[in-house]
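Survey of secondary and tertiary structure
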Amino acid sequence: HSRTRGEKLVRFWLDQPEGQAVRNRLRLTYQSLLNEFERLWKEGRGRSEENAIQVLSLACGSAQATIEAMEVFLHRHPNARIFLSLVDLSESSLRRALRLAEARRVADHLQILCVNLKDFVVMAVRTQRTWDVVEMVGFLDYRTEKSLIWICQQVRQILCVGGGLATLAHIHWSPWAFVVRWV
């Protein structure tokens, strides 16, 4: 099966030792989100439509960890009301996320938004829309300090009181920044 040059480069990168960080990030994100869903469930959230657990994944990419955590949570609590909003500028990433959600049988719990993250967050703040859990893994990698401060301030405003934020980011220069930014 033929692959694009970009796919070959990503495959090469994932096979390098630095790629282990991405795999660890996936595991950490999955476990953090599943723990957060369970915490909210124990607090009585997700038991009705009006009390549904609202999850937001910003710059979601394929949203693999979030979708897998949601699948396990719904398997444990089949009557739970939980909804996931996926925000990304990449249509291909959102298509991959939808395929994964369909395969995991959670697609009916999704809202997919192909929109600029900054525009989305500004609109959410303006309309006072909030989420119980905000996941933003990888987006903060390679951002300027000014950008980091701004996005964190905005996310704080859209996170429900007592809600959870799942974010993991590199805090040092990476020779692989070009992969994230351009590939």
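To start, this report covers the structure provided alongside it. If you're wondering where the values come from, they're calculated on a predicted model, not measured in any experiment.

**Some details on helix α6 (residues 145–158)**
With 14 residues, α6 extends 20 Å between its outermost C-alpha atoms, agreeing within 8% with the 20 Å of an ideal straight helix rising 1.5 Å per residue. For α6, the full list of buried residues reads S147, I151, Q154, V155 and I158. Each buried residue of α6 sits inside an arc of 100° when the element is viewed along its axis, so together they form one side. The exposed set on the far side of α6, more than 90 degrees from its buried face, consists of E145, K146 and R156. Buried-residue contacts for α6 involve β1 (53–58), α5 (117–126), β4 (131–135) and β5 (159–166).

**Concerning the sheet that holds β4**
One key point about sheets: their strands pair by backbone hydrogen bonds, in either a parallel or an antiparallel sense. The parallel open sheet is built from five strands, whose spatial order is β3-β2-β1-β4-β5. Only two strands of the sheet have a single partner each, and these edge strands are β3 (110–114) and β5. For this sheet the average axis-to-axis angle between neighbouring strands, irrespective of direction, equals 20°. Here three bridges tie β1 to β4, and the two strands are oriented parallel to one another. Note that in β4 the partner of V55 across the bridge is V133. The sheet contacts of α5 involve β1, β2 (82–88), β3 and β4, and relative to β1 the element is tilted by about 145°.

**Description of the pairing of β2**
Of all the seven residues making up β2, seven are buried; the element is thus mostly covered by neighbouring parts of the structure. Alternating positions in β2 separate into two faces, I82, L84, L86 and D88 on one and F83, S85 and V87 on the other, with burial throughout. Alignment of β1 against β2, held across six bridges, turns out to be parallel. Residue V55 lies in a different strand from β2, and its bridge partner there is L84. Read as a crossover between parallel neighbours, the route from β1 over helix α3 (residues 64–76) to β2 is right-handed. Across five bridges, the pairing between β2 and β3 is parallel. Residue pairing across strands places D88 opposite C114, the latter belonging to β3. Read as a crossover between parallel neighbours, the route from β2 over helix α4 (residues 91–103) to β3 is right-handed.

**Regarding the environment of E91**
With respect to the secondary-structure elements, E91 resides in helix α4. The exposed category is assigned to E91, whose relative accessible area is 51%. Sequence separation of E91 and L113 is 22 residues, and the distance between their C-alpha atoms is 9.2 Å.

Procedures and definitions
Residues numbered from 1 in each chain as written. Predicted model: local features only at pLDDT ≥ 70, side-chain atom pairs only at ≥ 80, totals over all residues. Heavy atoms only, no water. Helix = DSSP H or I, 4+ residues; strand = E, 2+ residues; numbered from the N terminus. Expected span 1.5 Å × (residues − 1). Buried < 20%, exposed > 50% of the residue type's maximum accessible area, 1.4 Å probe, protein only. Arc of directions from axis to C-beta. Contact = heavy atoms within 4.5 Å. Pairing = 2+ DSSP bridges. Axes fitted to C-alpha atoms, helices over the stretch in contact; angles between N-to-C directions. Right-handed = clockwise from strand over helix to strand, strands pointing away.

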